[in-house]
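# Residue-level structure breakdown
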Amino acid sequence: MKDNKGIIAKKEENISDWYEQVCLKSNLVEFAVVKGTMVIKPKGYAIWEKIQDYFNEKINKPLGVENAYFPLFIPESFFKKEAEHAEGFSPEVAWLDKSLTKEGERLAIRPTSETIMYDSYSKWIRSYRDLPLKMNQWCNIVRWETNTTKLFLRSREFLWQEGHCVYETEKECEKDTLKVIESYKKLVEDLLAIPVLIGRKTEKEKFAGAKHTYSIEAFMPDGKALQCGTSHNLGQGFAKSFGISFLGRDEKKHLPWQNSWGISTRLIGGMVMTHSDDKGLVLPPKVAKNKVVIIPILFENTKEKVLKKSKEIFKTLKSFNPILDDSEEYSPGYKFSEYELQGIPIRIEIGPKDLEKNEVVIVRRDTKEKTISKVKNTKNTLTKILKKMQEDLFKRAKEEMYSKIVEAKNFKEFEKAVKDKKIIYLNWCNEKSCEEDIKEKTGASSRCIPLGSEKQKVDGNCPMCGKPAKVKIYFSKSY
RNA sequence: GGGGCUAUGGGGUAGCCUGGUAGCCUACGAGGUUUGGGACUUCGUGACCCCGGUUCAAAUCCGGGUAGCCCCA
């Protein structure tokens, strides 16, 4: 192999270089001129569209959420109506240089759209008959990070969806907030085959301005957590600040309850890190646009026969959106490597020896496992292999994640676990000062308090500060 | 937020210390021979991140900017 065509860095040795090479060389994405921005190329955007399709169909629809679009620019005054929210986001907001409103007010580029959407909501909501109001928008947002940027995982501009709903009662609101985070878990696990832990964020890590936040957390091979989706119960705080109120069934004025929730193109990065290998991208079959590539093995004497058969088979496999690479400029070996780099889940080799036996060779991208199939069974065999591959990718990643979880009973164990790139599970005091202390001493931050664990009794004292333990929680380093 | 390293055709690099003709691999275009794990060959196109300074002369030295990577908080 000529070194500079494929991936040079090794996942085990230098995950950062490796990750960048996989993203760039598989043609998902490119660096753009401005720091922290990227060009998402067709191959990368196709993955985003798969996520959008799944989301629109399986999350929006069942919840009764409609898609809409709100503006990019937010007047400073809007932004400052909710104090906690404004403070939480202030270091990351990009402001326009010019004052573009008549009043000479500064404009922010949205880091999230609560404020601009709720201004509209305050005009739209008059009575309980207007509720629930359930809207989602697909858009780009800007968070002007000063830290290191990383393709998909940490960039100054990224794409996401943000759902924003308004309810008459706390109960309805909380029910949907939970339903969304559970649906996110299903999306990430079913579609992208990334296992996640699900839970509630601590006071320190919750969304600025929220009552509480739920999140799903994935764990990358380098032991760092990747927050993959969040669902915030906003309580009534934003409603109060933005003057959203409704006349209830009792003919009295009430404040509604709200939630907001989102997933972003970061998921693409998580998927790349989780499954890909030293040969390049590995795509879970469900997100692969082209599930199959057919490579005819062409020799001088048998070329025409093999090509003809390849074309026939190509036609019967339309439902897999196959690629037929019958170009004669490259050797088969070259093509094998190329499509492995691009992450096409299945390769079919058709050569003269196979033709004689009326067979094809089917090769799985993730395991390189070869299956010989009779031509007439190809479709069935492919369906089975693709299904198995999707399951195996998830299973393997899940086993890896659980193998990394360790329990810490004292500070030393905690410290060692962070160094060993583990996910730490512990009985914890739930105090902000303790969390800040842990972050400072070890670099780890809280991930989430597992859903359902909150009702369980927690014994003993916090191993980090000695105060009585109140919750079970996960800690780790994070992106 | 603090520190370090880097930037040369589309990709990977040599040259930089000690200033003077930008070399190689790959990709790309054309031709010929090939093809079951990145084939061979001939010819050709193509580059010193940006802005300043020093100098007869800057890829090379100096200052600033931008972008990427690593480490620490």
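This one's a predicted model, so the numbers in the text were calculated from it and none came from an experiment.

The helix and strand tally for chain A stands at 14 helices and 24 strands. For 479 residues, the compact-globule estimate of 2.2 N^0.38 gives 23 Å, and the C-alpha radius of gyration of chain A, at 25 Å, lies within 12% of that figure. Across the 479 residues of chain A, 41% fall into the buried class. Excluding contacts between residues fewer than 6 apart, the proportion of contacts in chain A whose partners are at least 24 apart in sequence is 68%.

Here chain A is partitioned into domain 1 (15–70 + 126–275), domain 2 (292–381) and domain 3 (405–476). Look at where the C-alpha atoms of domain 2 and domain 3 centre, and you get two points 51 Å apart.

Let us now look at the sheet that holds strand 10 (residues 212–219). Read from one edge of the open sheet, eight strands run 3-7-8-14-11-10-9-23, paired in mixed fashion. Edge positions in the sheet fall to strand 3 (66–67) and strand 23 (449–450), since each of these pairs with one other strand and no more. Sheet analysis places strand 7 (residues 133–142) next to strand 8 (residues 157–167), joined by ten bridges and oriented antiparallel. Residue pairing for strand 8: Cys139 is matched across the bridge by Trp160. Of the strands in this sheet, strand 3, strand 7 and strand 8 touch helix 2 (residues 42–63), which is tilted by about 160° from strand 7.

Our next topic: the environment of Pro132. On the secondary structure map, Pro132 appears in the loop between helix 5 (114–124) and strand 7. By C-beta crowding, Pro132 is classed as buried, having 20 other C-beta atoms within 10 Å. For the pair Pro132 and Ile7, spaced 125 residues apart in the sequence, the C-alpha separation amounts to 50 Å. Once you skip the residues sitting within four places of it in the chain, Pro132 turns out to touch Cys165, Val166, Tyr167, Glu168 and Glu172.

Taken together, 40 residues surround RNA strand B, and among them Ser16, Lys35, Thr146, Gly333 and Gly351 come closest. For the surface near RNA strand B, the elements supplying multiple residues, two or more each, are helix 1 (15–25), helix 10 (332–342), helix 11 (352–357) and strand 18 (359–364). Top element by residues in the surface near RNA strand B is helix 10. It accounts for eight residues. Within the surface near RNA strand B, the residues separate by chemical class into 13 nonpolar, 13 polar and 14 charged.

Another aspect to go through is the packing of helix 2 against helix 6 (residues 170–190). Contact pair helix 2 / helix 6: the axes reach a minimum separation of 11 Å and the direction vectors enclose 160°. On the basis of their axis angle, the class for helix 2 and helix 6 is roughly antiparallel. Where helix 2 crosses over helix 6, the handedness of that crossing is right-handed. Between helix 2, through Tyr54, Phe55, Lys58, Ile59 and Leu63, and helix 6, the contact on the second element is made entirely by Asp176, Lys179, Val180, Ser183 and Leu187. Of the residues contributing to the contact of helix 2 with helix 6, the split by class is six nonpolar, one polar and three charged.

A separate point is the confidence of the model for chain A. Residue-level pLDDT values for chain A average 93, and 98% of them are 70 or greater. The ipTM for the predicted assembly is 0.83, set against a pTM of 0.94.

Thresholds applied
- Every chain begins its residue count from 1, and numbering advances along the sequence as written.
- Here every chain gets a letter starting at A, and every ligand a number starting at 1, in the order they are written.
- The predicted origin of the model limits local features to residues at a pLDDT of at least 70 and limits the giving and counting of side-chain atom pairs to 80 or more, whereas totals for whole chains, interfaces and linings rest on all residues.
- Helix and strand definitions here come from DSSP, where helices need a minimum of 4 consecutive H or I residues and strands a minimum of 2 consecutive E residues; each element is numbered from the N-terminal end.
- Only C-alpha atoms enter the radius of gyration; for comparison, a globular chain is expected to reach 2.2 Å times N to the power 0.38, where N is the number of residues.
- Note on burial: count the other C-beta atoms lying within 10 Å of the residue's C-beta; 20 or more is buried, 12 or fewer is exposed, in between is partly exposed, and C-beta positions come from the backbone.
- Here, residues touch in the contact sense if the C-beta positions derived from the backbone fall within 7 Å of one another.
- Domain start and end points were adopted from an automatic or database domain assignment.
- Two strands pair if DSSP finds at least two bridges between them.
- Orientation is described by axes fitted as lines to C-alpha atoms, over the contacting stretch for helices, and by angles from 0 to 180 degrees between their N-to-C directions.
- Nearness here has a simple definition: the residue's C-beta atom, placed using the backbone, must lie within 6 Å of the molecule or strand.
- Polar here means any residue outside two lists: the nonpolar Ala, Val, Leu, Ile, Met, Phe, Trp, Tyr, Cys and Pro, and the charged Asp, Glu, Lys and Arg; Gly therefore counts as polar.
- Throughout this description, any angle smaller than 35 degrees is read as roughly parallel, any larger than 145 degrees as roughly antiparallel, any in the 65 to 115 degree range as roughly perpendicular, and the remainder as oblique.
- Take the far helix as your reference; a near helix turned counterclockwise from it by less than a right angle gives a left-handed crossing, and one turned clockwise gives a right-handed crossing.
- What pLDDT conveys is the predictor's confidence in a given residue, as a value from 0 to 100.

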